[in-house]
Amino acid sequence: MKAPAEFNVFNCSLDGINLIEASAGTGKTWNICGLYLRLLLELGIEVQQILVVTFTNAATAELRERTRSRIVETLAWLRDSDQGTPSGDPFIEDLVQAVERRTKKTRGELTLSLDKALQYFDEAAIFTIHGFCQRALADASFSAGLPFSLELVTDDSEMAMEAVHDFWRRRIADDSCSPELAAYLQGVGDTPEKYAKLLARSLAKPLATYLWPADIDKPTTIDARAVTKAYETAEKTWIAQREAIIALVTASLPALHAGSYKSQSIAQAAGEWDAWFREGIPLAPVPAKNKLDLMLSDILEKRTKKGQVTPRHAFFEAASALLAARTAITRELDLARMHLIRELINTVGADLGRRKRERRVISFNDMLYNLYAALESGDHPELAASLRDRFPVALIDEFQDTDPLQFAIFDKIYGKEKTPTFLVGDPKQAIYSFRNADLHAYLRARKSASAEYTLANNQRSTKGLIEALNGLFLATSNAFMLPGLDYHPVQMGDKERKPFSDKSEARADLQVWTLPQAPDGEPITKKAAKELAVQATAGEIARLLNDAGKKRILIGDQALRPGDIAVLVRTHAQGSELKRELATLNIGSVELSQASVFQSPDAEEVERLLIAINQPSRDALLRGALATEVMGCDAARIAEISNNEAELMGYLERFTDYRDLWQRQGVGVMYRRLLTEQKVSARMLCRPDGERRLTNLLHLGEQIHQAAATHPSPDALLRWLATQRREDSADEVA
């Protein structure tokens, strides 16, 4: 693939669809601000007409501030130049000179343009993707064919749960659902909560194509008589001759394939047959990776060494018949399940939409789809032109995070015109699918672009690291496997940065650590690998800081500080593990995460506590609540309370009082009293992570108190809390 041209913000064409590939640290925001100023100064477009879209609230706020600052700085430079004392910012000087060459405008005219832009900058069209859709629908409700007034709900999971529960009652918890299918659904872990997650994924990707089994519409015949009969025959033989069967296979080990048949695997298979027959249910769940087939007649035949005699027993034939019958009915049950899931996706989404229309509410995902539908249906042909007239220029930031629906919206508005459109992003980041990003949508957008550029100068990293990354990714021509996704080398930019100096020992700028193998040469377990990775990372941080204290590791002329070190992890749990490991080395750290407080361990404890308070007479719930760190009882203390009837009754009465207070004065009053009476603040602040934990508890209390306004009964509030715990309610993309 031909490498894209290097982007020059001062001289590039402003016409057509322009794709700018911007790796991390290459000055993406710097260039977006430059484009924004050129549009203001060269084309005379007003700030209300330049659509700038990014994907998070934080990025929107930063982009708005950076753009405004650039206008202020350029305006100050122009005014100072009139006095003969302009500042030495090369960006502004190069920009102004380029604009003057192309437009012949005077500096006085440029000053007037920027002065007007600054006056109206509060009206600048810089949005998140959802913010843009909301504005488009609100301003063009008639063109979009939508009601003029809809209430935005940031979380529609409760309404979705209502619709899923109705579907579950109608299609599964009903006499029309066969007992075999109901048992199968239970065995594979299907619940209304699981179906709600499937529905949410479907609604988040409304243009996705589903690949259902080819025979999904075939009438299913779920008849358990064959598998029941086979089960009874095999069970009877196993119970009567278990030891003889195991002894026969064990004695035949020399004749059987040693890779499959070992004493340990035979014992595992026997245990699994025992467990299945103890259940007494032919369709009872069995382990996914099981050894049941080691006692099937056809497998034994296949795994017998050449010239050896295959062991024979009636159970082996019965077991083969049983698993064949189970496989046949399981195929029918799986088709029936797929049919239910397809019906869920096809009908419950529409039902949820009906409920929202009745309540006159709209969610973030609805905004995207409603705008797409209005643009795509053909019923409102004037809508795209109306939006293009209002926003004749578009700058789409973080374009690698787009999905097919978002791309379809922008393509419908700008794709067929020569309207100035700039799509800025890093497709290498799209492989992580943040915010439902779709790499294939990015690659389709690339094909529709009239010009393609890359930002080639890294303004952030050190020269050694840049060269090392270039060497790593250019070692093969197909580093990212997918055709069209290529690595374009970058070089060190001109921006000054403090040099990093490590005089402790010779080390490469880019290092790859490998995990050790187990003593037997096999890979170590996942659990051990995690522990070693955490320990190694914490140990390296400790080494860096220790050598920094001796002035052997510097940034510029300053010793490396803890705040200069960042660690990227894949999950919130990994971050917490590393934070705890650092604490054991007396190294403080701050954990930054977009995870909702409802996904924290504290939320789990608060939920357990509130459930116990709502049902104080249930001993098991009471003991579970006492085991939380909010209540502060360890196992020995709980045992002591359990063995002392008077003390146990005291806690029961206390929890009953909390419940009565909850019902009389609300959950907020009760929660504050509980935290005070249990001295939670003092106990939490004794912990290394106490400030964070206490903040979580107070934040949860605020959220629960607010939710009580719309969920006044304890049971309704607890259902709401359970829903929040299941779903990540962070609204970063709002």
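(A) Just the pairing of strand 7 (residues 393-396), in detail. Both faces of strand 7 are covered, namely the face carrying Val393 and Leu395 and the face carrying Ala394 and Ile396. With four bridges connecting them, strand 3 (residues 50-54) and strand 7 associate as parallel partners. Residue pairing in the sheet places Leu51 in a bridge with Ala394 of strand 7. Here three bridges tie strand 7 to strand 8 (residues 421-425), and the two strands are oriented parallel to one another. Looking at the pairing, Ala394 lines up with Thr421 of strand 8.

(B) View of the state of the cysteines. Scanning the model with the defined rule gives zero disulfides in all. Lacking any disulfide linkage, Cys686 is separated from the closest cysteine sulfur, that of Cys633, by 16 Å. Residue classification places Cys686 among the exposed positions, given a relative accessible area of 69%.

(C) Focus on the packing of helix 2 (residues 57-82) against helix 3 (residues 90-103). Axis separation between helix 2 and helix 3 bottoms out at 10 Å; the angle between their running directions is 75°. Overall, the two elements helix 2 and helix 3 adopt an arrangement that is roughly perpendicular. Of the residues in helix 3, those in contact with Arg70, Glu73, Thr74, Trp77 and Leu78 of helix 2 are Phe91, Ile92, Glu93 and Val96. Here the residues of the contact of helix 2 with helix 3 are counted per class, giving five nonpolar, one polar and three charged.

(D) The arrangement of the pattern of salt bridges in detail. The full count for this structure, using the stated rule, is 47 salt bridges. Among the salt bridges present, the one from Asp564 reaches Arg561, with a minimum N-O distance of 3.4 Å. Residue class for Asp564 comes out partly exposed when judged on its relative accessible area of 31%. One network of salt bridges, with partners in common, ties together Glu162, Asp166, Arg169, Asp351, Arg354, Arg355, Glu358 and Arg359.

(E) Just the packing of aromatic side chains, in detail. For the structure on display, the rule yields 24 aromatic pairs. With a centroid separation of 5.4 Å and 75° between ring planes, the pair formed by Trp168 and Tyr195 is classed as edge-to-face. In this pair, Trp168 sits in helix 7 (residues 157-171) while Tyr195 sits in helix 9 (residues 192-204), placing the two residues 27 residues apart along the sequence. Using a relative accessible area of 0% as the deciding quantity, one classes Tyr195 as buried.

(F) Broad picture of the pairing of strand 3. Counting buried residues along strand 3, five of its five residues qualify, which places the element largely inside the surrounding structure. Here strand 3 shows a buried face lined by Ile50, Val52 and Thr54 and a second buried face lined by Leu51 and Val53. Where strand 3 and strand 4 (residues 126-128) come together, three bridges link them in parallel fashion. Along strand 4, the bridge assignment pairs Val53 with Phe127.

(G) Representation of the layout of surface pockets within the structure. Estimated volume of the second largest pocket: approximately 480 Å³. Around the second largest pocket sit 20 residues that line it, and His572, Glu591, Ser600, Arg692 and Asn696 are the ones nearest its centre. Looking at the lining of the second largest pocket, its residues break down into three nonpolar, eight polar and nine charged.

(H) Quick look at the side chain of Thr67. Checked against the element boundaries, Thr67 lands in helix 2. On the basis of relative accessible area, Thr67 is assigned to the buried category, the value being 3%. Engagement of the side chain of Thr67 in a polar contact is seen with the backbone oxygen of Leu63, the distance being 2.7 Å. Look past the residues within four positions of Thr67 in its chain and what remains in contact with it is Cys33, Tyr36 and Phe121.

(I) Up close: unusual backbone geometry. Of note, Met481 is a non-glycine position whose phi angle comes to about 70°, a positive value. Its location among the elements puts Met481 in the loop between helix 18 (463-473) and strand 11 (491-492). Owing to a relative accessible area of 63%, Met481 belongs among the exposed residues under this scheme. Phi is positive for Asn586, close to 60°, though the residue is something other than glycine. By the element assignment, Asn586 lies in the loop between helix 20 (572-584) and helix 21 (601-614).

(J) Fine view of empty space enclosed by the protein. Taken as a whole, this structure holds three cavities of 30 Å³ or more when the rule is applied. The computed volume of the largest cavity comes to approximately 80 Å³. Mapped onto the lining of the largest cavity, the elements with two or more residues apiece are helix 16 (404-414) and strand 8. Tallying contributions element by element places helix 16 first for the lining of the largest cavity, with four residues. Tallied by class, residues from the lining of the largest cavity come to six nonpolar, three polar and one charged.

(K) View of helix 24 (residues 645-665). For helix 24, built from 21 residues, the straight-helix expectation of 30 Å at 1.5 Å per residue is met to within 8% by its first-to-last C-alpha distance of 30 Å. Looking at the buried positions of helix 24, the neighbouring elements they touch are helix 21, helix 22 (619-626), helix 23 (635-642), helix 25 (667-677) and helix 28 (714-726). Capping of helix 24 at its N-terminal end is provided by Asn644; its side-chain oxygen lies 3.2 Å from the backbone amide nitrogen of Ala646. One or two positions beyond helix 24, positive phi appears at Gly666, with a value near 105°.

(L) Focus on the side chain of Asn614. Note on placement: Asn614 falls in helix 21. At 2.9 Å, the side chain of Asn614 forms a polar contact with the side chain of Asp715. Excluding residues within four positions of it along the chain, Asn614 makes contact with Arg659, Trp662, Pro714, Asp715 and Leu718.

(M) Looking closely at the sheet that holds strand 12 (residues 500-502). Read across the open sheet, the three strands follow the order 12-13-14; overall the sheet is antiparallel. Only two strands of the sheet have a single partner each, and these edge strands are strand 12 and strand 14 (558-559). Note that strand 12 and strand 13 (residues 553-555) share three bridges and pair antiparallel. Bridged to Asp502 within strand 13 is Ile553.

(N) Up close: the packing of helix 1 (residues 28-42) against helix 3. In the contact formed by helix 1 and helix 3, the axes pass within 11 Å of each other and the chain directions differ by 35°. Where helix 1 crosses over helix 3, the handedness of that crossing is right-handed. Between helix 1 and helix 3, the contacting residues are Trp30, Gly34, Leu37, Arg38, Leu41 and Glu42 on the first element and Phe91, Leu95, Val99, Arg102 and Thr103 on the second.

Each value, and the rule that gives it
Residues numbered from 1 in each chain as written. Predicted model: local features only at pLDDT ≥ 70, side-chain atom pairs only at ≥ 80, totals over all residues. Heavy atoms only, no water. Buried < 20%, exposed > 50% of the residue type's maximum accessible area, 1.4 Å probe, protein only. Helix = DSSP H or I, 4+ residues; strand = E, 2+ residues; numbered from the N terminus. Pairing = 2+ DSSP bridges. Disulfide = S-S within 2.5 Å. Axes fitted to C-alpha atoms, helices over the stretch in contact; angles between N-to-C directions. Parallel < 35°, antiparallel > 145°, perpendicular 65-115°, else oblique. Contact = heavy atoms within 4.5 Å. Nonpolar A, V, L, I, M, F, W, Y, C, P; charged D, E, K, R; others polar. Salt bridge = Lys/Arg side-chain N within 4 Å of Asp/Glu carboxyl O. Phe/Tyr/Trp six-rings, centres within 6.5 Å; stacked < 30°, edge-to-face > 60°. 1 Å grid on protein atoms, 1.4 Å probe; cavity = no way out; pocket = protein on both sides within 12 Å on 5 of 7 lines; lining within 4 Å. Points joined across faces, edges and corners; volume = space filled by probe spheres on them. Polar contact = N/O pair within 3.5 Å; in protein donor to acceptor, adjacent residues only side chain to side chain. Expected span 1.5 Å × (residues − 1). Left-handed = near helix turned anticlockwise from the far one by under 90°.

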